[in-house]
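The chain contents come next:
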Amino acid sequence: RKKIATEFLQLSCSGQCDKAYEHVDMVSFKHHNIHFTGDAKSLKDAQQESANKMPNKVIDIKTVVQEGDLVTTWSLVTMSTEMKVQVCHMFRFDSRNRVVELWDMGQIVPEKIPNENGPL
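Residues numbered from 1 in each chain as written. Predicted model: local features only at pLDDT ≥ 70, side-chain atom pairs only at ≥ 80, totals over all residues. Heavy atoms only, no water.

1. Digging into the packing of aromatic side chains
Let me state the cut-off plainly: Paired rings are identified among Phe, Tyr and Trp, the last through its six-membered ring, by centres lying within 6.5 Å, and are further divided according to the angle between planes into stacked (under 30 degrees), edge-to-face (over 60) and tilted (the rest). Put simply, DSSP marks the helices as runs of H or I at least four residues long and the strands as runs of E at least two long, and each gets a number from the N terminus on. Remark: exposure states derive from per-residue accessible area (1.4 Å probe, protein chains only) relative to the maximum for the residue type, with buried under 20%, exposed over 50%, and partly exposed in between.
Evaluation of the coordinates by the stated rule reveals four aromatic pairs. Arranged with centres 5.6 Å apart and planes meeting at 85°, the rings of Phe8 and Phe91 form a pair that is edge-to-face. Highlighted residues: Phe8 in helix H1 (residues 2-13) and Phe91 in strand E4 (residues 83-93), separated in sequence by 83 residues. Across the pair, exposure class does not vary: Phe8 and Phe91 are buried alike. What links up through ring pairs into an aromatic cluster is the set Phe8, Tyr21, Phe29, Phe91 and Phe93.

Structure representation (structure tokens):
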């Protein structure tokens, strides 16, 4: 499940959304991104559009944790030289190892931060 989650993020970030969604149950899948309707097709289309608009976008997955049917990742997404976002994704899997639910939270990383530990 950890491998499926990380591959999903890497593929969707790079614009290979058809391949990324091979492990998603397109019928029962739901997500909680507040910017789009909650179905798989809406999120997939938005991810593909994002990848098309930002072809140099890179995701650097720093941490992956699995507990039961949940996998959580902590990543740094470099959208452009001017914009980096720290992102937490949480995937829920069914018994067939298909992604059936996804949560994500992001925070833009400013160029200068007072915290000496950094964002990640």
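2. Digging into the sheet that holds strand E5 (residues 99-109)
The cut-off we apply is this: Here, any two strands with at least 2 DSSP bridges between them count as paired. Any pair of residues with heavy atoms lying within 4.5 Å of one another is described as a contacting pair. Note on method: axes are straight lines fitted to C-alpha atoms, helices fitted across the in-contact stretch only, with angles between N-to-C directions ranging 0 to 180 degrees.
Ordered in space as E1-E5-E4-E3-E2, the five strands form an open sheet in which the pairing is mixed. With one partner strand each, in any of the chains shown, strand E1 (30-31) and strand E2 (58-67) form the two edges of the open sheet. Both E2 and strand E3 (residues 70-80) contribute to a ladder of nine bridges, which runs antiparallel. If you follow Ile59 over to E3, its bridge partner there is Val77. Contacting E2, E3, E4 and E5, H1 runs over the sheet at an angle of about 160° to E2.

3. Notes on the environment of Ile34
When you line up the elements, Ile34 lands in the loop between E1 and helix H3 (40-53). Residue classification places Ile34 among the exposed positions, given a relative accessible area of 76%.

4. Observations concerning the nonpolar core
The following threshold applies: For this analysis, a nonpolar core means a set of buried residues of the types Ala, Val, Leu, Ile, Met, Phe, Trp, Tyr and Cys, connected via side-chain atoms within 4.5 Å.
Of all hydrophobic cores here, the largest spans 23 residues; its most connected members are Phe8, Tyr21, Val24, Phe29, Phe91, Phe93 and Val99. Elements represented by at least two residues in this core include exactly H1, helix H2 (17-20), H3, E2, E3, E4 and E5. The element contributing the most residues to this core is H1, with six residues. Those residues in contact with Phe8, other than ones at most four positions away along the chain, are Ala20, Tyr21, Val24, Gln47, Phe91 and Leu102.

5. Some remarks on the pattern of salt bridges
Our working rule: Salt bridges are identified by distance alone: a Lys or Arg side-chain nitrogen within 4 Å of an Asp or Glu carboxyl oxygen.
Tallying each qualifying case throughout the model produces nine salt bridges. Notably, a salt bridge pairs Lys62 with Asp60, separated by 2.7 Å at the nearest N-O pair. Salt-bridge contacts for Arg92 lead to Glu101; the nearest nitrogen and oxygen are separated by 2.8 Å. Judged by relative accessible area, which is 6%, Glu101 ranks as buried. Salt bridges linked by common partners bring Asp25, Asp94 and Arg96 together as one network.

6. Some details on the pairing of E5
In this structure, E1 lies alongside E5, joined through two bridges in parallel fashion. Its bridge partner being in E5, His31 is matched across the sheet by Leu102. For E4 and E5, the ladder comprises ten bridges, and the chain directions are antiparallel. Counterpart to Cys88 in the pairing with E5 is Met105.

7. Digging into H3
Put simply, the rule reads: Given the number of residues in a helix, its expected span is that number minus one, multiplied by 1.5 Å. Polar contacts here mean pairs of N or O atoms no more than 3.5 Å apart (in protein, one a potential hydrogen donor and the other a potential acceptor; neighbouring residues in sequence count only if both atoms are side-chain atoms).
Taking 1.5 Å as the rise per residue, H3 with 14 residues should run 20 Å; its terminal C-alpha atoms sit 20 Å apart, in good agreement. Where the residues of H3 are buried, they touch H1, H2, E1 and E5. The N-cap of H3, judged by a side-chain oxygen 3.3 Å from the amide nitrogen of Lys41 a few residues on, is Asp39.

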